[in-house]
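An overview of the molecular structure
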Amino acid sequence: MSEQTTAKKLIADSECSLSAVPAAKKVQGLWAAMVVLVGFTFFSPSMTAGGNLGIGLTLNGFILAMILGNAFLGVYCGLLGYIGQKTGLTLDLMAHRSFGEKGSYLPSALISFTQIGWFGVGVAMFAIPVSGLTGGRIPVWALIIITGTVMTVTAYLGIRALAVLGSIAVPLIAVLGVYSVGWGVDKVGGFMNVFAQIPQKPISLATGIAIVVGSFISGGTATPNFTRFSKTPRVAVLATVVAFFVGNSIMMIFGAVGGAVTGVADIFDILILQGLAIPAILTLGLNIWTTNNNALYTAGLGVSNITKIPNKPLVLLSGAAGTLTAVWLYYNFVGMLNLLSGMIPPVGAVLILHYFLHKDEYYRPAASGPAVNLAGVLAVAAGSLVGIFVTCGIKPVNSLAAAALVFLVLDRLTAKKS
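Fair warning: this is a prediction, and the values are worked out from it, not measured in the lab.

1. Side note on the overall build of the protein chain
Across its full length, the protein chain holds 20 helices and zero strands. For a compact globule of 418 residues, the expected C-alpha radius of gyration is about 22 Å, and the protein chain comes in at 21 Å, within 12% of that figure. The dimensions of the protein chain, computed from C-alpha atoms along their principal axes, are 65 × 45 × 40 Å. Scored against the burial criterion, the 418 residues of the protein chain give a buried share of 54%. Excluding contacts between residues fewer than 6 apart, the proportion of contacts in the protein chain whose partners are at least 24 apart in sequence is 86%.

2. Some remarks on the packing of helix H7 (residues 140-156) against helix H15 (residues 311-324)
It is at 9 Å that the axes of H7 and H15 come closest, and there the two elements cross at 160°. Relative to H15, the element H7 lies roughly antiparallel. Note that H7 runs across H15; the crossing there is right-handed. Contacts between H7 and H15 pair Ile144, Ile145, Gly148, Thr152, Ala155 and Tyr156 from the former with Lys312, Pro313, Val315, Leu316, Gly319 and Thr323 from the latter. Grouping the amino acids of the contact of H7 with H15 by side-chain chemistry returns seven nonpolar, four polar and one charged.

3. Some words on helix H9 (residues 205-214)
All buried positions along H9 are accounted for by Gly208, Ile209, Val212 and Val213. Buried residues of H9 fall within an arc of 130° about the axis and therefore sit on the same side.

4. Considering the environment of Val241
When you line up the elements, Val241 lands in helix H12 (residues 233-262). Take Val241: its relative accessible area is 31%, and that puts it in the partly exposed class. Considering only alpha carbons, one finds Val241 and Ile138, 103 residues apart in sequence, at a separation of 40 Å. Apart from residues lying up to four places away in sequence, Val241 is in contact with Gly74 and Val246.

5. A few points about the packing of helix H3 (residues 44-56) against H12
Running from amino to carboxyl end, H3 crosses H12 at an angle of 50°, the nearest separation of the two axes being 6 Å. The pairing of H3 with H12 is recorded here as oblique in orientation. Here H3 runs over H12; the crossing is right-handed. Residue-level contacts link Ser46, Met47, Ala49, Gly50, Gly51, Leu53, Gly54 and Ile55 of H3 to Asn248, Met251, Met252, Phe254, Gly255, Ala256, Gly259 and Ala260 of H12. Tallied by class, residues from the contact of H3 with H12 come to nine nonpolar, seven polar and no charged.

6. Some points on the pattern of salt bridges
By the definition in use, this model includes one salt bridge. A salt bridge links Asp411 to Arg412; the nearest nitrogen and oxygen atoms lie 2.6 Å apart.

7. Remarks on the environment of Trp183
Checked against the element boundaries, Trp183 lands in helix H8 (residues 159-188). Once residues lying within four places of it in the same chain are set aside, the contact partners of Trp183 are Val261, Thr262, Leu273 and Gln274.

Cut-offs and rules
Residues numbered from 1 in each chain as written. Predicted model: local features only at pLDDT ≥ 70, side-chain atom pairs only at ≥ 80, totals over all residues. Heavy atoms only, no water. Helix = DSSP H or I, 4+ residues; strand = E, 2+ residues; numbered from the N terminus. Rg over C-alpha atoms; globule rule 2.2 N^0.38 Å. Buried < 20%, exposed > 50% of the residue type's maximum accessible area, 1.4 Å probe, protein only. Contact = heavy atoms within 4.5 Å. Axes fitted to C-alpha atoms, helices over the stretch in contact; angles between N-to-C directions. Parallel < 35°, antiparallel > 145°, perpendicular 65-115°, else oblique. Left-handed = near helix turned anticlockwise from the far one by under 90°. Nonpolar A, V, L, I, M, F, W, Y, C, P; charged D, E, K, R; others polar. Arc of directions from axis to C-beta. Salt bridge = Lys/Arg side-chain N within 4 Å of Asp/Glu carboxyl O.

Now the structure itself:
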């Protein structure tokens with residue numbers, strides 16, 4: 001490849017999808033980094049997960065599940081965010097080091113497929129209930145095309161557009177959530193009366209923690225894609241911890257109070273019962289928009305790693321795929337996404353361990369080594385099997401721990417032979 005062709009590709013790749021973010025581009029301050037990541041975690045399914053906790057747990061059980069689950073997410077995502085800032089690499093370019101250049105296609109495909117799926121589900125999650133509120137006068141297909149197009153365009157604009165959108169959406173969602181919680185507390189005469197002493201549909205504490213961790217561990221694995229533009233490691237870690245510990249906890253509280261008071265888990269239905277139809281549409285739209293932008297941005301980076309094409313045109317293709325299949329995804333893909341959620345935490349475990357065991361490999365211009373790092377690939381395979389088939393304990397944590405153990409053993413055995 002000629003120097004001129006290489007230069008043209010680098011210019012076209014304004015989001016640094018095929019190379020490390022240079023020091024001159026690491027200018028994102030705490031607020032900008034935080035609103036991108038908090039906007040990511042401000043997602044309707046997280047509130048619905050909170051609604052299920054509110055219905056199934058006592059007050060003490062809810063607080064414990066929320067704190068333990070989100071503390072785990074904060075540490076896991078914080079480590080990935082730190083690595084992303086230090087190296088300037090996307091999740092997929094980090095995977096070149098830990099899985100090998102060809103081996104990196106495995107995590108890229110897993111993450112991209114999942115995020116395109118969530119994008120489509122999110123588009124339909126907005127279009128279907130809104131069409132229902134209009135009595136079908138606005139058809140679902142029209143809302144899906146409009147919603148999918150708008151969300152794809154903002155994702156195409158890149159990391160700066162994500163920060164601007166998050167700055168608008170996050171405060172609005174927070175205001176409506178606080179109002180909704182206030183309504184629920186007032187309805188039952190005080191916060192201590194919100195949660196039942198004996199829940200009608202009780203769940204165990206382990207199940208509650210699994211719901212919290214499972215709500216965002218898949219998306220959280222993509223944290224490096226956003227923190228690589230942060231000014232300092234401190235900004236990256238603080239923004240990540242605020243998003244995944246504080247932000248996700250807020251979403252859980254919003255959903256849990258409404259769920260416990262109304263007996264309904266879905267946040268959209270809760271807001272309708274509270275007489276907040278128009279704010280519900282606004283919140284649902286902004287809520288899904290911010291997360292879908294991050295999901296599509298991540299999907300574009302993953303496909304870029306496989307095809308070696310800069311991510312912007314791939315964001316458009318991923319958005320089109322998610323939009324055109326949105327209804328099918330909404331009704332058929334959730335089971336597959338749940339399956340994939342057991343397969344993605346092992347990817348994060350391998351990335352974290354490999355970085356701290358082989359730091360020097362992350363600061364070279366290009367990764368060197370085998371095309372496929374069997375230690376990383378086999379660790380993900382083992383962790384995935386545990387996540388899918390082991391039913392006791394906390395499934396995402398089980399899969400992550402199994403992958404970490406297998407990787408450590410294989411990596412050390414490989415190191416002794418070399």
